[in-house]
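Observations on chain architecture
Next come the chains, spelled out residue by residue.
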2 protein chains.
Amino acid sequence: MDEFSNLKSKLLAEQVQDQLFRYILNTPVPVGNKLPNEFELGQKFGVGRSTIREAVKLLVSRKVLEVRQGSGTYVISTTPADLDPLGLRAVEDKMTLALDLVDVRIMLEPGIAEMAALHASPEDVKKLDLLCRKIEKRINDGESYIDEDIAFHSCVAECSRNVVVKQLVPIIDTAVLMFVNITHQKLTDETVRTHRAIADAIAEHDTIGAKTAMMMHLTYNRELIKRLIREEP
Amino acid sequence: MDEFSNLKSKLLAEQVQDQLFRYILNTPVPVGNKLPNEFELGQKFGVGRSTIREAVKLLVSRKVLEVRQGSGTYVISTTPADLDPLGLRAVEDKMTLALDLVDVRIMLEPGIAEMAALHASPEDVKKLDLLCRKIEKRINDGESYIDEDIAFHSCVAECSRNVVVKQLVPIIDTAVLMFVNITHQKLTDETVRTHRAIADAIAEHDTIGAKTAMMMHLTYNRELIKRLIREEP
């Protein structure tokens with residue numbers, strides 16, 4: 001293989017890695033479950049088995065997948081190790097972790113939304129509106145909106161003009177990827193409505209409106225997690 | 001040199017690295033300033049020049065020091081790169097960063113103190129009391145108490161029993177190292193008094209007391225930073 005085809009096949013494997021990761025999140029393939037075999041995955045993504053093998057290797061190195069000799073490829077986490085600067089993958093009780101994470105978001109994000117309402121520029125307002133509409137479309141199409149959801153909260157953080165917040169919120173919100181299998185496709189109406197309320201309040205520089213809308217948004221999440229904890233076997 | 005003396009000299013260089021870092025924080029040697037030469041440092045710490053050279057190398061690799069050929073060794077940051085997971089070293093305007101950091105702490109830490117008052121064990125209460133007394137002794141002796149200060153806030157975070165808080169607070173509070181030259185040895189009375197108020201409220205499981213004492217503690221810090229920003233040339 002020459003230099004150029006080598007590069008091309010690397011780029012392809014990276015793209016397929018991304019598709020495969022989205023497939024795991026969106027299907028969803030829960031942690032502990034087995035992936036379809038290379039042949040099936042190759043057909044699904046329209047690529048050869050060697051590309052699938054490369055993509056799997058990439059997700060193994062990011063500790064999302066594990067290959068068990070003679071048995072198959074298993075999902076071991078929905079949080080790539082490189083997206084886990086807080087080291088939360090190691091926490092065993094994922095439900096408690098989900099609750100602890102939402103409690104931290106409740107301490108931080110309403111105050112951040114308040115600062116965002118104070119400082120957002122017309123461009124920020126447009127970006128938030130666009131993200132709200134993208135999320136609504138994803139939900140209407142029955143698709144996962146996790147990327148856009150993280151982008152929405154990161155954009156609010158960006159609007160705050162606080163450099164620490166800008167670094168911190170993406171870390172915290174990316175941790176939400178860990179529970180994508182838990183809260184997947186629930187609370188869609190509430191999400192659409194409260195995201196919109198947050199975006200509108202920020203557009204009007206209504207600080208209290210932004211703060212309370214964010215609080216309401218996170219309270220729906222907290223109630224869902226508490227309900228799931230209560231219903232656990 | 002045999003294996004064993006090699007190991008011994010490595011351990012010595014690491015100890016001297018630590019002493020040298022403390023020396024930079026406590027003197028303080030401000031960012032941009034030059035260190036005394038190897039000979040002087042060797043005398044100060046009672047070690048040879050080769051040990052000083054090793055210790056300097058370690059702090060160069062952690063991006064605290066920079067060796068300028070033919071000129072000397074300079075302090076380029078008081079935050080070792082390995083203690084900066086938020087990448088705040090890169091922010092140029094340190095005063096704005098100090099304010100942004102205290103704003104984030106004000107959003108988070110009063111709620112954390114509240115949770116700590118709810119969950120602290122008798123052992124936690126003892127540990128907080130000990131840390132308060134250590135900080136008080138350091139201040140009375142005119143020494144830096146930055147390590148104990150970070151330990152105090154990390155202990156409160158630990159008491160919260162929230163796994164995300166436990167990971168997050170040390171990251172945020174370690175960032176305070178960055179401003180050690182700015183806020184060094186100021187607010188000592190207020191620190192002693194408000195740390196004690198936080199510890200007492202946690203000991204009594206007084207959630208509102210802990211929350212408001214933490215708020216007061218951080219408000220003193222915020223007022224100091226605002227004052228310093230106003231007085232900047």
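Thresholds applied
- Residues numbered from 1 in each chain as written.
- Chains lettered and ligands numbered in written order.
- Predicted model: local features only at pLDDT ≥ 70, side-chain atom pairs only at ≥ 80, totals over all residues.
- Heavy atoms only, no water.
- Least-squares fit on C-alpha atoms with pLDDT ≥ 70 in both.
- Contact = heavy atoms within 4.5 Å.
- Helix = DSSP H or I, 4+ residues; strand = E, 2+ residues; numbered from the N terminus.
- Buried < 20%, exposed > 50% of the residue type's maximum accessible area, 1.4 Å probe, protein only.
- Polar contact = N/O pair within 3.5 Å; in protein donor to acceptor, adjacent residues only side chain to side chain.

Expressed as a screw transformation, the operator carrying chain A onto chain B has a rotation angle of 180 degrees and an axial translation of 0.0 Å, and the superposed copies differ by an RMSD of 0.1 Å. Both copies of the chain, as the preceding transformation shows, are related through a two-fold rotation axis. The overlap is high: 100% of the interface residues of chain A also sit at the interface in chain B, so the same surface is used on both sides.

All names here are of chain B. Even without a glycine there, the phi angle at Lys63 is positive, about 60 degrees. By secondary structure assignment, the location of Lys63 is in the loop between α3 (49-61) and β1 (65-68). Owing to a relative accessible area of 45%, Lys63 belongs among the partly exposed residues under this scheme. At His205, a residue that is not glycine, the phi angle is positive and equals roughly 50 degrees. Considering the arrangement of structural elements, one finds His205 in the loop between α9 (188-203) and α10 (207-231). His205 sits in the partly exposed class, given a relative accessible area of 43%.

Turning next to the side chain of B:Glu148. Residues and elements named next belong to chain B. By the secondary structure assignment, Glu148 is in helix α6 (residues 146-159). The buried category is assigned to Glu148, whose relative accessible area is 12%. At 3.0 Å, the side chain of Glu148 forms a polar contact with the side chain of Arg138. What Glu148 contacts, discounting residues up to four positions off in sequence, is Leu131, Lys134, Ile135 and Arg138.

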